[in-house]
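Now for the letters of each chain:
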Amino acid sequence: PTFSTTCARCSKNRRLRQKRVISERKLTRYFVDHRKVRVVGGQGGGGGHSFYSEPRKIFGGPDGGNGGDGGHVILKADQQVKSLSSVLPFYRGFHGEKGGSKNCYGANGAYVYVKVPVGTLVKEDGKVVADLTQHGEEYVAAYGGAGGKGNRFFLSNENRAPTLFTPGEPGQERVLHLELKTTAHAGLVGFPNAGKSSLLRAISRAKPAVAAYPFTTLNPHVGIVHYQDYEQIAVADIPGLIKGAHRNRGLGMAFLRHIERCRFLLYVVDLSVSQPWIQLQDLKYELEQYKKGLSERPCVVIGNKIDLAQSRINLPLLKEQIDNRVIALSALTGDNLEELFLHLRELYDNYVKTEQSRGQSPVKW
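Residues numbered from 1 in each chain as written. Predicted model: local features only at pLDDT ≥ 70, side-chain atom pairs only at ≥ 80, totals over all residues. Heavy atoms only, no water.

Caption draft 1: Focus on helix 6 (residues 309–321). The largest bend in helix 6 is about 30°, located at L315, with the proline P316 one to four residues further on. Within helix 6, the full set of buried residues consists of S311, N314, L315 and L318. If you follow the buried residues of helix 6, they end up packed against helix 5 (277–290), strand 13 (299–304) and strand 14 (326–328). (Bend = angle between axes of the 7 residues up to and from the residue. Helix = DSSP H or I, 4+ residues; strand = E, 2+ residues; numbered from the N terminus. Buried < 20%, exposed > 50% of the residue type's maximum accessible area, 1.4 Å probe, protein only. Contact = heavy atoms within 4.5 Å.)

Caption draft 2: Molecular detail of the pairing of strand 1 (residues 34–40). Examined bridge by bridge, strand 1 and strand 8 (residues 173–180) share 7 bridges and lie antiparallel to one another. Across the sheet, residue H34 finds its bridge partner in strand 8, namely E179. Relative to strand 3 (residues 90–92), strand 1 is paired through 3 bridges, and the arrangement is parallel. Bridge pairing links V39 to Y91 in strand 3. (Pairing = 2+ DSSP bridges.)

Caption draft 3: Layout of the packing of helix 3 (residues 196–203) against helix 7 (residues 337–357). Running from amino to carboxyl end, helix 3 crosses helix 7 at an angle of 80°, the nearest separation of the two axes being 11 Å. The orientation of helix 3 with respect to helix 7, classified from their angle, is roughly perpendicular. Residues L199, A202 and I203 of helix 3 lie in contact with helix 7, whose contacting residues are L337, L340 and F341. (Axes fitted to C-alpha atoms, helices over the stretch in contact; angles between N-to-C directions. Parallel < 35°, antiparallel > 145°, perpendicular 65-115°, else oblique.)

Caption draft 4: Structural detail: unusual backbone geometry. In this structure, K305 is a non-glycine residue whose phi angle is positive, near 70°. Here K305 lies in the loop between strand 13 and helix 6. We classify K305 as partly exposed; its relative accessible area is 22%. A positive phi angle, near 65°, is found at N336, a position not held by glycine. Relative to the helices and strands, N336 is located in the loop between strand 14 and helix 7. N336 sits in the partly exposed class, given a relative accessible area of 30%.

Caption draft 5: Spatial organisation of the pattern of salt bridges. Considering all chains together, one arrives at 10 salt bridges under this definition. The salt bridge involving R174 is made with E124; its shortest N-O contact spans 2.7 Å. Remark: E124 occurs in strand 5 (residues 120–124) and R174 occurs in strand 8; sequence separation between them is 50 residues. Assessed through its relative accessible area of 9%, R174 is described here as buried. The partly exposed category is assigned to E124, whose relative accessible area is 23%. For the salt bridge of R345 with D229, the shortest nitrogen-to-oxygen distance reads 2.6 Å. A residue pair is termed long-range when its members are at least 10 positions apart, and R345 in helix 7 and D229 in the loop between strand 10 (221–226) and strand 11 (232–237) qualify at 116 residues. (Salt bridge = Lys/Arg side-chain N within 4 Å of Asp/Glu carboxyl O.)

Right, dumping it as structure tokens:
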């Protein structure tokens, strides 16, 4: 009996230690890319009001110390945070303490740090006030109020026994809108069922859901492609677009915003359908209608599903119709992935050189 009880307990603990697998549809409840939050800085502590007194020195003068400052509310970008779902609708900084006797100052209120994903845009009244694109970057969302002055502060030759002291000031209050835009080097752009999720699974360790129906992927996934020289390239799987996405049809602008931060684009085209070049034209049109110049970023066209017979027939037709470089591969079987790895590194190296020539530091993972 002792042995069986121990085994049952061990198996239960083993099950608890296993990582809980969340389905793609359940994951959408946890993935949030916009949030409205009200932030209030902590109130400053009031100034102290007291007079020093001890035997043989009854009239020692004022000794009320100043109050402590209220704590700030600070937004901090963290690579470990992938969604705005953990951000609460309201934050308040800690209040400063009241000034004490014997010229003791009140303690400052502690800061409240709110962790947000890298790539969070902070807006107030429709205007961008902060763009947190680097890990560890901070933005003071609400300043704490200044502490009040104790009666010691008002001591002067004209007033040797001041009774005046001031209360602490209230903290700053703001209503901010947080908007997440996925930060990645490359963005996989394509219509539903083009094979973007399968391709991301093939070139990285990311595990987006894969199924044979439209809109399988319901939120962006970022996979990391590793190279032998320890360079890492982040590739984002942007959920499938449809015609009219710039007018908020389908998943619409809720996920078009995630393409904005991608430095170069990987257009994924299904080679097995008739006239695959029409897909590329429609994709570029949707991107251009959403933001002018977005479709002109460095790119490569990936012709997926080359393992099918119809795809091999359509490949030369596609190359005749477009001027962009075409890489034909199969995300399912892994055919010709090496060419994609090499060209992806070329696009990344060009991006790094361009940023360095401008005196800016490229985004690193």
